[in-house]
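Chain by chain, the residues:
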Amino acid sequence: MDTADLVPPSVLSIAEAPFPEDVAAVDGPVTVLLSIVVANDGTVRDPEVLGGPEAFRAGAVEAIQASRFEPASLNGEPVEVRIRFQYVFQPPAPLQEARVDGRLEGLVTDVDGSPIPGARIQLRSSVQTGEGEAQFVGDDGRFVFDALPSGDYRVSIAAADYVAQEQLESVTIGEVTEVCYRLDAADLGASEGDETIFTAVGVIDAPPREVTRRTIRREELTQIPGTRGDALRAIEVLPGVGRPPFGGGEIIIRGSAPTDSEIFLEGIPLPLLYHFGGLTSVYNSRLLEQIEFIPGNFSARYGRRIGGIVEVEPRDPRSDGLHGVIEFSLIDASVLAEFPIGENASLALGFRRSFIDLIFENFLPDDIGVTQAPVYYDWQSILSYRPTSRDRLRFQLYGASDAFALFFDDADTSDPASSGDLGLSTRFTTLQASWNRQIDEDAELDVEAAFGPQTVDFGFGSDQNFDLLVNQFYLRTELRDRLSPRYQLTYGVDLSLAPFRINFEGPPLQQTEGAGQLAPVASADIVSTEFSAVATRPGLYIENEIRPTADLQLIAGLRFDYDDRTGDYAIDPRLVANWQATDIVRIKSGLGLFSQPPEFAESAPDVGNPNLDMIHSVHASLGVGLRLTEQLELTVDGFYKYLWDRVVSTEQGIEPFFINDGVGRIYGAEISGQLHASPELPLFAYVSYTISRSERRDRNQDAFRLFDFDQTHILALSGVYELPRDWSVGLTMRFVSGNPTTPVVGGIFDAQNNVYTPVNGRVNSVRSQNFHRLDLRVEKKWRIRNGQMALFVDVQNVYNRMNEEGLAFNFDYSQSQTLAGLPVIPSLGIRGEI
Amino acid sequence: MKIVALLLLFSVSACEDNFDPPSLLARSRILGLAFSVEGDPDRTDPLRGETVDLRVLWAFPNEPLPLSFQGIACVALQTGFGVPTCDPDFGVIAELEANAPAGDMPVLTLRVPDDFPEGRELLLFGGTCAGGPVDTLLLPADGSFDTSALDVCERPEDTGELLQTTLPIPIDIADANRSPSLLVDMTLAGQPLATGNLQTGDACSERKDLPLLRVGGPRVALVVSASPESLEPLTPEGDVNPENEVLQVGLMITSGEANANFLLIEADDLIEDTTIRPAREAERSPGSDGSIERIILSVRDGRGGLVVQDVAYCLLEAEP
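Residues numbered from 1 in each chain as written. Chains lettered and ligands numbered in written order. Predicted model: local features only at pLDDT ≥ 70, side-chain atom pairs only at ≥ 80, totals over all residues. Heavy atoms only, no water.

### Description of the overall build of chain B
The number of helices and strands found in chain B is one helix and 18 strands. Once the C-alpha set of chain B is aligned to its principal axes, its extents read approximately 70 × 55 × 50 Å. Taken over 320 residues, chain B has a buried fraction of 52%. By sequence separation, contacts in chain B at least 24 residues apart represent 71% of the contacts at least 6 residues apart. Separation between the mean location of the 20 positive side-chain charges and that of the 53 negative ones in chain B comes to 4 Å. (Helix = DSSP H or I, 4+ residues; strand = E, 2+ residues; numbered from the N terminus. Buried < 20%, exposed > 50% of the residue type's maximum accessible area, 1.4 Å probe, protein only. Contact = heavy atoms within 4.5 Å. Lys, Arg positive; Asp, Glu negative; His and termini not counted. Charge placed at Lys NZ, Arg CZ, Asp CG, Glu CD.)

### With respect to the overall build of chain A
Helices and strands together make up the secondary structure of chain A, namely three helices and 52 strands. By residue count, 54% of the 834 residues in chain A fall in the buried class. Considering only residue pairs separated by 6 or more positions, chain A has 66% of its internal contacts joining residues 24 or more positions apart. Put simply, chain A shows about 33200 Å² of open surface, and 55% of that area lies on carbon and sulfur atoms. (Areas by Shrake-Rupley, 256 points an atom, 1.4 Å probe, with all protein chains shown as cover.)

### Digging into the state of the cysteines
Residue and element names in this part refer to chain B. The final tally for this structure, using the stated rule, is three disulfides over all chains. Paired by a disulfide, Cys204 and Cys314 hold their sulfur atoms 1.9 Å apart. Between Cys204 and Cys314, the S-S dihedral sits near 75°, and the bridge is therefore right-handed. Placement of Cys204 in the loop between β10 (194-195) and β11 (212-214) and of Cys314 in strand β18 (residues 306-316) is noted, with a sequence separation of 110 residues between them. The pair formed by Cys204 and Cys314 is uniform in burial state, with each residue classed as buried. Once the disulfide-bonded cysteines of chain B are ranked by sequence position, their pairing pattern turns out to be 1-2, 3-4, 5-6. (Disulfide = S-S within 2.5 Å.)

### Considerations on the sheet that holds strand β5 (residues 107-111) of chain B
Residue and element names in this part refer to chain B. Ordered by their spatial adjacency, three strands build an open sheet running β1-β2-β5, and the pairing between neighbours is antiparallel. With one partner strand each, in any of the chains shown, β1 (29-37) and β5 form the two edges of the open sheet. Strand-to-strand twist in this sheet, taken as the mean axis angle between neighbours without regard to direction, amounts to 25°. Here β1 runs beside strand β2 (residues 51-59); their pairing, made up of eight bridges, is antiparallel. Note that in β2 the partner of Gly32 across the bridge is Leu57. (Pairing = 2+ DSSP bridges. Axes fitted to C-alpha atoms, helices over the stretch in contact; angles between N-to-C directions.)

### Describing the side chain of Asn609 of chain A
Residues and elements named next belong to chain A. In this structure, Asn609 sits in the loop between β36 (585-596) and β37 (615-627). In this structure the side chain of Asn609 is engaged in a polar contact, spanning 2.8 Å, whose partner is the backbone oxygen of Phe658. Beyond its immediate stretch of four places on either side in the chain, Asn609 contacts Glu602, Ser603, Ala604, Pro656 and Phe658. (Polar contact = N/O pair within 3.5 Å; in protein donor to acceptor, adjacent residues only side chain to side chain.)

### Observations concerning the packing of aromatic side chains
With the rule as written, the count across this model stands at 25 aromatic pairs over all chains. Arranged with centres 5.0 Å apart and planes meeting at 50°, the rings of Phe264 of chain A and Tyr302 of chain A form a pair that is tilted. Of this pair, Phe264 of chain A sits in strand β18 (residues 262-265) while Tyr302 of chain A sits in the loop between β22 (288-294) and β23 (309-314), and the two are 38 residues apart along the sequence. Across this residue pair, the class does not change: Phe264 of chain A and Tyr302 of chain A are buried. A centroid spacing of 6.4 Å and a plane angle of 10° characterise the contact between Trp58 of chain B and Phe60 of chain B, whose relative ring orientation is stacked. (Phe/Tyr/Trp six-rings, centres within 6.5 Å; stacked < 30°, edge-to-face > 60°.)

### A few points about the nonpolar core
Leu232, Ile235, Leu270, Tyr283 and Val310 of chain A are the most contacted members of the largest nonpolar core, which has 34 residues in total. Every element with two or more residues in this core is listed here: β18, β22, β23, β28 (391-408), β40 (683-697) and β42 (713-723) of chain A. If one sorts the elements of this core by residue count, β22 of chain A sits on top with three residues. Residues Ala751 of chain A together with Val52, Phe69 and Phe116 of chain B belong to the second largest nonpolar core, which totals 32 residues. (Core = buried A, V, L, I, M, F, W, Y, C linked by side-chain atoms within 4.5 Å.)

### Some remarks on the pairing of strand β8 (residues 184-188) of chain B
All names here are of chain B. Here β8 shows a buried face lined by Val184, Met186 and Leu188 and an unburied face lined by Asp185 and Thr187. As defined by bridge partners, β8 adjoins strand β12 (residues 220-226) across five bridges and the pair is classed as antiparallel. Of the residues in β12, the one forming a bridge with Thr187 is Val223. Direction of pairing for β8 relative to strand β9 (residues 191-192): antiparallel, over a ladder of two bridges. Bridge pairing links Leu188 to Gln191 in β9. Hairpin connection of β8 to β9: two residues between the antiparallel strands, including Ala189 at a positive phi of 55°.

### Looking at the sheet that holds β9 of chain B
All names here are of chain B. Spatial ordering of the open sheet is given by β9-β8-β12-β16-β14, a layout of five strands whose pairing is antiparallel. Every other strand in the sheet has two partners, leaving β9 and β14 (257-258) as the edge strands with one partner each. Inspection of the sheet shows β14 paired to strand β16 (residues 270-277) by two bridges, in the antiparallel sense. Within β16, the residue paired with Glu257 across the bridge is Arg277.

### A few points about the pattern of salt bridges
A complete count under the given rule lists 64 salt bridges over all chains for this structure. For Arg394 of chain A, the salt bridge identified is with Glu266 of chain A, shortest N-O distance 2.8 Å. Of this pair, Arg394 of chain A sits in strand β28 while Glu266 of chain A sits in the loop between β18 and β19 (268-269), and the two are 128 residues apart along the sequence. Residues Arg394 of chain A and Glu266 of chain A agree in their burial class; the two are buried. A salt bridge links Arg277 of chain B to Glu257 of chain B; its shortest N-O distance comes to 3.5 Å. Of this pair, Arg277 of chain B sits in strand β16 while Glu257 of chain B is found in strand β14, placing the two residues 20 residues apart along the sequence. On the accessibility criterion, Arg277 of chain B (9% relative accessible area) is buried. Given the relative accessible area of 23%, Glu257 of chain B is considered partly exposed. Three or more residues joined by partner-sharing salt bridges are found here, namely Arg301, Glu311, Glu444, Asp446, Glu478 and Arg480 of chain A. (Salt bridge = Lys/Arg side-chain N within 4 Å of Asp/Glu carboxyl O.)

### Thoughts on the environment of Ser694 of chain A
Residues and elements named next belong to chain A. Its place among the elements puts Ser694 in strand β40. The class of Ser694 is buried, set by a relative accessible area of 1%. Filtering out sequence-adjacent residues up to four positions away, Ser694 remains in contact with Gly255, Arg665, Ile666, Arg705, Leu706, Phe707 and Asp710. Of note is the side chain of Ser694, whose polar atom sits 2.8 Å from the backbone oxygen of Gly255.

That's the geometry; what it means functionally is another story.
See below:
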């Protein structure tokens, strides 16, 4: 028989047997070895006990007969096979004692879930035994490292005839981190004698330093429907995340302006998140470990922003041989390769290019010519190196390029200045280096440095040009020192040094939020400025993490920021309290100040106000987290934010053009549920609902008005169900209240320039239509000898809802019509992995 | 960046608007204001103490209508954007009102005060109505327009427009703009266009002096050319950085569509890639005698000059 054609059975569901009550306490799991027949319908019959304690045998036999398998198949046809199966009884969990140390425990199995006795686990960190310690797992495949200080640990797993692995794990005082490592066999040929073991595995996340921190797990990142496998777009389903306007490429977090939030890649701000305003993100999702979304009350390590934070964590390249992924879709294609270099280093290289330029011209009206069709690229390289057991070095070189150029043959009917060449290009390249050192048992040092140019070139016609060049240098150093089991001190410095050059020509700069319909460029007096400067923004922070009891965590932080462009500084105290009230219930609360410098252009001479001050905000939040089961979590969070010293335009753009007179208030509540997949229910799902109100006031004498992206209701449901035979199907549904808009009540003829200027009504006094959309993703995988293939269809806007994205006006503003968003867009893709 | 997002939106969704072509003269439309200093008619910028005449120019699809204007003049607040506003430190300089019978243009006469602040511009803001009087409620005496009302005309059946313009008030006559006569010529399908008192819809099949287009026919080239004098640099001769004249050309037609309603003539002295699409059957039925269709051309220069040309061609029935 050609065993390559035989696919062994796999577990669909395992019935749980009760742990015998009359059995004395045991140290660990108890295994009963069975021989069973898995019928071709997946049922189990003819169980025979081959070994194991007598008291457990009957329960194991009863449970296995109620279990279900995906039957074995031969040449694609289901066949009946007899296999050996280890049924594992987990001892009842002892009453949890308050732990003042951390524990890492887990299981090592092969790809089919069978334990690998004798596998060697090495914990390469400075714990109790100094240079690290190693264990050989027992017959049940389990291992435990106890009494570990908090920190990141490098876990190496090796076993004869299996491909070694190395993983990074986080251990936290008072928590148990459970892991499961599945090793690929060096010889992948299947055999009838393979053993199968089942056990539930969960990962207990490290406790957050923020009140609300939502983590999307690595295995779920790339499966959210409607994102075309783009992990960073998965943020859109999280509570508190607003719907950005089409083409905006922005993230709206808890009613904050997009510029108030920041995306960090391993502690360093990412210059650009999405290609072409939201089409796809600039970083290959398959190089990400996880994404953390912190909508407010974030740690003092983050500064210069008053909205929310997204922290993107890349992973180390795989060190267990050559791996590669090639993916083609109708939008773009990408390639990723990763491999070890010597014993202590590994490298990943990724590249992506879009295909939009091949079809773009077909969608354009006749009077628009294409000089350069839209095209985007991005690239990533990660080199991870571990010179000693205490040090990890990681070097990254990544970047992105977006560019297009069009020619508008006819003048815009409402703005004659909007004709001729239109071009936009954004590019950045970043070289980033990070060094993590475990100084001793209780202290750890992180150093991150990044440098790279960022450019934005925009031009339209003869009157509108904007060129920006920033050579951004960024440095972050952080030291974490556990001074006692109940007290940890974290302190650090982050420095942003940005020599920049701005070349601007166009209508006077103005606040666009709350501005309503802007006047045509043809009616404006064109202004220009060209200047260079260095923006120096040092920040210092300190955080005290105190655990008065095992259940209570208090984090008191203080941050200092200085902005030399405005000469202003900020001192922001922040406090977070987390209380693990019961095993299930966690109460969390936070209060803090946050500050942000004005945008470069707002404080530029000639077109802005160099005397602006920083913008400030206070965040207050209170939440409850319920971990109902290992798979199901529910959270409820309430928040309030008040903003002051917001930068707003002066009335009608009179000098000094921008002032700090704006204020804002935002309040709301978020409810979310997460269901993680388990063998019993192979479904992961997110449900989130946000109700909020975001208001602004631009001048003292004005009343509060709605913010441009005030979205009262945001409901998102997303789920992916793993079907047998490696099929999966997922849906994402979103409902969002329509954005506030400012009505245009008419137009005034500008006799000098032969155009009409709009007359705006009350700012944001009406709303556009509600937004709703359904996205679908179906994926089928095939396992091949050295990897797998996948074919997927990702359909955005399944029922072709014409969502309102704005209004278009005729030349004199007497008529308007709705601009609809994207229609149904199916995206077919294929992916190959080795 | 909003404009880029909108452009992408239009592009990706292949979305073209359903508005009437901006070039279509389907109702009475304002063309602009023409300035002329009394006693020095070529000059468009008055000095302090001088009087300037302002003519309100309209285009009508058919018979001309009586016109009215009501507005104010004031010192313009130096703003960056938004609806132009009077500087409250100076108040209203003059209230202006003029009416004209059908076929004539309202002419406003404004004397610039002797103490007009140096370096500031004059703002003219008002409402003009075709067919009847301007609503007197539009213009409170303090010059604060209620732009949210925007009911310019007293009678709802009339067509009204709000308009505004600013006018520099130079101190030295050498700094004042002068607009030479703007000489612009047009050909349609290689033929010159007829001028004169031609009424839209009049029979024309026997007129051999008009270009002939047919309903549903192909697009034909409209060539607009300007005289070299019209394109003389704005800056004095010998200036090291001469600022070239750019003529703004606005196009309106009584049926069909011009592929642009706004054109620029710059260093080249003509525009030759503009086309006219004759009306389709659903848009116009000229009858067996054909129908006069008009093209209204308004030309502005950078010195305050404005001329209007009203020309015609003959639209014939579709080919059988």
